[in-house]
Amino acid sequence: MILEVHKAGFAYPGSSGTVFNGISLSVGAGEVLCILGPNGVGKTSLLKCLSGLLPLTEGKISCKGENILALSRTQVARTIAHVPQLHNPVFAYSVYDTVLMGRTPYLGFFSPPRQSDRVITEQAIDSLGIAHLAEKAYSELSGGERQLVLFARVLAQQPEIIVLDEPTSHLDYGNQLKILSLIRNLARSRTAIVMTSHNPDHAFMVADRVGIMFNGAIAAVGAPEEVITVEILQEIYGVAVTLLRNDGFGSMCVPVFNKYAGNAKLWRNNE
Ligand SMILES: Nc1ncnc2c1ncn2[C@@H]1O[C@H](COP(=O)(O)OP(=O)(O)OP(=O)(O)O)[C@@H](O)[C@H]1O
C-alpha cells in the first residue's frame, strides 16, 4: 500500500476534544478511496493529516513505508498532491502560472521552468478545457473555475497520490462528470486517490473502496456496493433513501421525497 494510516487520532491545538480516533486505512496505487460522512465529522482534517499538512496527535501515517512527518517538503510534494475544498489566493497569479506552480517540486530553488514543464502545464490546462482562462487572474475566477484550475495544477504536479477534498463541490453537472472521469483515468495510470464527497452516487461512480466516517471514527470500509446501504445512509445523514441497483451502470441513491406531500418531507418508514 502506498499510503497507510495506523490508529490515527487528531485534535486541534487548544481544543478540548478529539476530531477522530483509532482510524486505520490504506490506499494502493491505482485505487480510489472515497470518504463519506456528515458535515463536521472530520473528513477535511483527516485529509490534511494524510497530506502531511497537520500532524496526528496519535498513531502514524506512512507514505511508501516512511513516516510522512519524516519526509522533506519536496519529497512530500513530489509524491502527494492535496487539493483543498476552498482556496483563496493571496497573490493575483494568472491561471497559467497557477497551474505551472504544480511543477515547483521538480525545479531547483532558482531554476526557471523548462520547456517540458510548460508542455505539461499546457496539456493539463487543455485536459480541463480551461485554455480560455489561461491569462486570467486566478483571484478573479468563479468557485467552479478555481476548482478546475486546482485540478489542472494537480495534473501538472504528476504525483503518485492525490488527496481531493470534495473535488466536485463547486462544479456544474457536466464538469462534475468530467472530474469524475479524470479521477478514474488517473487511477488507471496507477495514481492512488483519496477523496471526500457529500454525494454517495459519486462514490458509486468512481470509488474502489469507501470509508464511512461517523462519530470520529471509520464506521465501515469496503466496496461501495457493500458499504453504502440504505441503513448506513439513514444513520449518517438522517434521511430516508432508496438504492437503485443497476447491473449495467452501477448503483444510485434516490431520496424518498415527495414534493407534493403536505409539508414536502423526507419520508421515513411510511410515516
Ligand atoms: N482550525 C480549526 N480549529 C479548531 N477546530 C476546527 C478547525 N477546523 C475544523 N475544526 C473542527 O473540527 C471538526 C471537523 O472539521 P472538518 O472540517 O474536518 O469536518 P468535515 O467532515 O470536513 O466537514 P464538512 O463536511 O462540513 O466540510 C469540526 O467540528 C470543526 O468545527
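What counts, and where the lines are drawn
- Residues numbered from 1 in each chain as written.
- Predicted model: local features only at pLDDT ≥ 70, side-chain atom pairs only at ≥ 80, totals over all residues.
- Heavy atoms only, no water.
- Near = heavy atom within 4 Å.
- Polar contact = N/O pair within 3.5 Å; in protein donor to acceptor, adjacent residues only side chain to side chain.
- Nonpolar A, V, L, I, M, F, W, Y, C, P; charged D, E, K, R; others polar.
- UniProt positions renumbered as here; feature names shortened; annotations may be inferred.
- Helix = DSSP H or I, 4+ residues; strand = E, 2+ residues; numbered from the N terminus.
- Expected span 1.5 Å × (residues − 1).
- Buried < 20%, exposed > 50% of the residue type's maximum accessible area, 1.4 Å probe, protein only.
- Arc of directions from axis to C-beta.
- Contact = heavy atoms within 4.5 Å.
- Core = buried A, V, L, I, M, F, W, Y, C linked by side-chain atoms within 4.5 Å.
- Salt bridge = Lys/Arg side-chain N within 4 Å of Asp/Glu carboxyl O.
- Pairing = 2+ DSSP bridges.
- Axes fitted to C-alpha atoms, helices over the stretch in contact; angles between N-to-C directions.

Caption draft 1: Spotlight on the site of the ligand. The full set close to the ligand counts 13 residues, and N39, G40, K43, T44 and S45 are the nearest of them. Between G40 and the ligand, the recorded distance is 2.8 Å, taken from a backbone N or O atom to an oxygen atom. Between Q85 and the ligand, the recorded distance is 3.4 Å, taken from a side-chain N or O atom to an oxygen atom. For the shell around the ligand, a count of residues per class yields four nonpolar, seven polar and two charged.

Caption draft 2: How the structure looks around the UniProt feature "domain: ABC transporter" (unreviewed entry) in the chain. When the UniProt feature table is mapped onto this chain, "domain: ABC transporter" (unreviewed entry) is found at residues 3–240. Its end C-alpha atoms 34 Å apart, residues 3–240 is made of 35% helix and 23% strand.

Caption draft 3: Inspection of helix α6 (residues 173–188) at higher detail. Taking 1.5 Å of rise per residue, 16 residues should cover 22 Å, and α6 covers 23 Å from first to last C-alpha, within 8% of that figure. Residues N175, Q176, I179, L180, L182, I183, L186 and A187 constitute the buried set of α6. The buried residues of α6 occupy an angular sector of 160° when projected down its axis, which confines them to one face. Along α6, exposed side chains directed more than 90 degrees from the buried face belong to Y173 and R188. Along its buried surface, α6 packs onto β3 (32–36), α4 (115–127), α5 (143–157), β7 (161–164), β8 (192–197) and α7 (200–206). Residue D172 occupies the N-cap position of α6, its side-chain oxygen lying 2.9 Å from the main-chain nitrogen of G174. Trailing α6 by a residue or two, R190 shows a phi angle of about 80°, which is positive.

Caption draft 4: Structural view of the nonpolar core. Formed by 52 residues in total, the largest nonpolar core has its most connected members in L128, F151 and I183. Among the elements that make up this core, the one with the highest residue count is α5 (eight residues). Counting residues in each nonpolar core, the second largest holds 29 residues, with V5, I23, L46 and M213 among its members.

Caption draft 5: Geometry of the pattern of salt bridges. Counted under the stated rule, the structure contains five salt bridges. Close ionic contact of R209 with E31 constitutes a salt bridge, the shortest N to O distance being 2.7 Å. Linking R209 in strand β9 (residues 209–214) with E31 in the loop between β2 (20–27) and β3, this pair joins segments that are 178 residues apart in sequence. Note on accessibility: R209 and E31 belong to one class, buried. R114 is paired through a salt bridge with D117; the nearest N and O atoms lie 2.8 Å apart.

Caption draft 6: Quick peek at the sheet that holds β8. Read across the sheet, six strands follow the order β6-β7-β8-β3-β9-β10 without closing on themselves; strand pairing throughout is mixed. Edge positions in the sheet fall to β6 (80–83) and β10 (217–222), since each of these pairs with one other strand and no more. Neighbouring strand axes in the sheet, compared pairwise and without regard to direction, differ in orientation by 15° on average. Note that β7 and β8 share four bridges and pair parallel. Paired with V163 across the two strands is V194, which belongs to β8. With respect to the sheet, α5 is in contact with β6 and β7, its orientation differing from that of β6 by roughly 180°. Of the strands in this sheet, β3, β7 and β8 are in contact with α6, which crosses β8 at around 155°.

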